Amino acid sequence: MTTLSTLSTPTAVAVGRFAPSPSGPLHFGSLLAAVGSYLYSKQHAGKWLLRIEDIDTPRVSPGADSSIMHTLEQHGLLWDGEVIYQSQRTARYQEVFNRFQQQGLLYGCQCSRKQINAAGGLYPGTCSTLNLYSKTRAAAPLSWRLRAAGVACHFTDCLLGPQQIAPALAREDYILLRRDGLFSYQLAVVVDDLDQGVTEVIRGADLLSMTPRQQHLFQLLGAAEPVYGHLPLAVTAPGFKLSKQNHATALSNWPACYTMARALAILGLVLPAELQQAPAAEQLTYALANWCPADIPAAREVLTSDFG
Ligand code: GLU
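Residues numbered from 1 in each chain as written. Predicted model: local features only at pLDDT ≥ 70, side-chain atom pairs only at ≥ 80, totals over all residues. Heavy atoms only, no water.

Draft legend 1. Spotlight on the overall build of the chain. When its secondary structure is counted, the chain shows 11 helices and 13 strands. Computed over its C-alpha atoms, the radius of gyration of the chain comes to 20 Å, within 12% of the 19 Å expected for a compact globule of 308 residues. Oriented by its inertia axes, the alpha-carbon framework of the chain measures out at about 70 × 45 × 40 Å. The buried share among the 308 residues of the chain stands at 51%. Taking the intrachain contacts of the chain between residues at least 6 apart in sequence as the baseline, contacts between residues at least 24 apart amount to 78%. Of the roughly 13,600 Å² of accessible surface on the chain, 56% is carried by carbon and sulfur atoms. Of the charged side chains in the chain, 23 are positive and 23 negative; the average position of the first set lies 12 Å away from that of the second. (Helix = DSSP H or I, 4+ residues; strand = E, 2+ residues; numbered from the N terminus. Rg over C-alpha atoms; globule rule 2.2 N^0.38 Å. Buried < 20%, exposed > 50% of the residue type's maximum accessible area, 1.4 Å probe, protein only. Contact = heavy atoms within 4.5 Å. Areas by Shrake-Rupley, 256 points an atom, 1.4 Å probe, with all protein chains shown as cover. Lys, Arg positive; Asp, Glu negative; His and termini not counted. Charge placed at Lys NZ, Arg CZ, Asp CG, Glu CD.)

Draft legend 2. Up close: helix α2 (residues 28-43). The end-to-end C-alpha distance of α2, which contains 16 residues, comes to 22 Å, matching closely the 22 Å that a straight helix rising 1.5 Å per residue would cover. α2 sits mainly inside the fold: 14 of its 16 residues count as buried. Count one or two residues on from α2 and you reach Ala45, which has phi positive near 55°. (Expected span 1.5 Å × (residues − 1).)

Draft legend 3. The arrangement of the sheet that holds strand β12 (residues 240-241) in detail. Read from one edge to the other, the open sheet built from 3 strands follows the order β12-β11-β13, with strand pairing classed as mixed. If you trace the sheet from one side to the other, it starts and ends with β12 and β13 (301-303), each paired once. With 2 bridges connecting them, strand β11 (residues 233-237) and β12 associate as antiparallel partners. Bridge pairing links Val235 to Lys241 in β12. (Pairing = 2+ DSSP bridges.)

Draft legend 4. Here's a closer look at the site of the ligand. Around the ligand lies a shell formed by Arg17, Ala19, Pro20, Ser21, Glu53, Tyr185, Val189, Arg203 and Leu207. At 2.6 Å from a nitrogen atom of the ligand is found a side-chain nitrogen or oxygen belonging to Glu53. One nitrogen or oxygen atom from the side chain of Arg203 is found 2.8 Å from an oxygen atom belonging to the ligand. Summarising the interface, the protein chains cover 80% of the accessible area of the ligand, which totals 300 Å² for the free molecule. Of the residues assigned to the shell around the ligand, the class counts are 5 nonpolar, 1 polar and 3 charged. (Near = heavy atom within 4 Å. Polar contact = N/O pair within 3.5 Å; in protein donor to acceptor, adjacent residues only side chain to side chain. Nonpolar A, V, L, I, M, F, W, Y, C, P; charged D, E, K, R; others polar.)

Next comes the structure, spelled out in structure tokens:
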């Protein structure tokens, strides 16, 4: 079990991270997030950590973690320190969950996804006053939701500027512990970012609307939240992000110099002609000296149909 004290990096000026879910090999959409977060951290003279987000065990694809690491190395994206696996951190998530539960911030919920979809897709708080746990003593498995009325509807993104989130979405009571006994992404990501001393979360724009709830969790834990910034999302068609579900192709199908050059171009840096075919690590070194986050196009999505 990795402990809080071994994860803290109090002396680093800046700490960024890349946190892929190992549901398949790295695809171009994830590479964009990796390159953007790497450049952002390293330009702030910081560390860049790698965390394997394997908390959702049914979605884990065996061997995807090593394949992701191999692809990162091929692109010259070398992380600092040990790789953290969420699957080894459940005792810590349980500790935080218990604390929230004792504070009366959580409630048990028996609603199914089908019922929530029928109610419009956002959870309407059906179980919030039912005190289901003490009534049933958890005879039937419950999910556990956080009371989210205190979540803000806005935040300032370090790349995109001020952001507004629809109040109904920002303040939806959301799941921290799933009915199948697994802790949720929301809980794990914040506990890990806190314990790893992360100061900069740079990731894809698909997670933008989740940011206020993650900031709120930091506040509940009495900790200063990191800076959040969101990068354009690679899509195969408007609204369809590259993902394993959308059959995104593994990056091993292209030379690393090609995929790195494409990622940098999307992030606003066109390499000089003589570097287009150079090793990816060399391209990255050039980008470290020449890339400017202000050059990232403001678009939330970028069409990259060839990688789909
Ligand atoms: N594990 C998440 C993903 O692969 C990223 C989480 C994050 O960056 O906050 O989409």
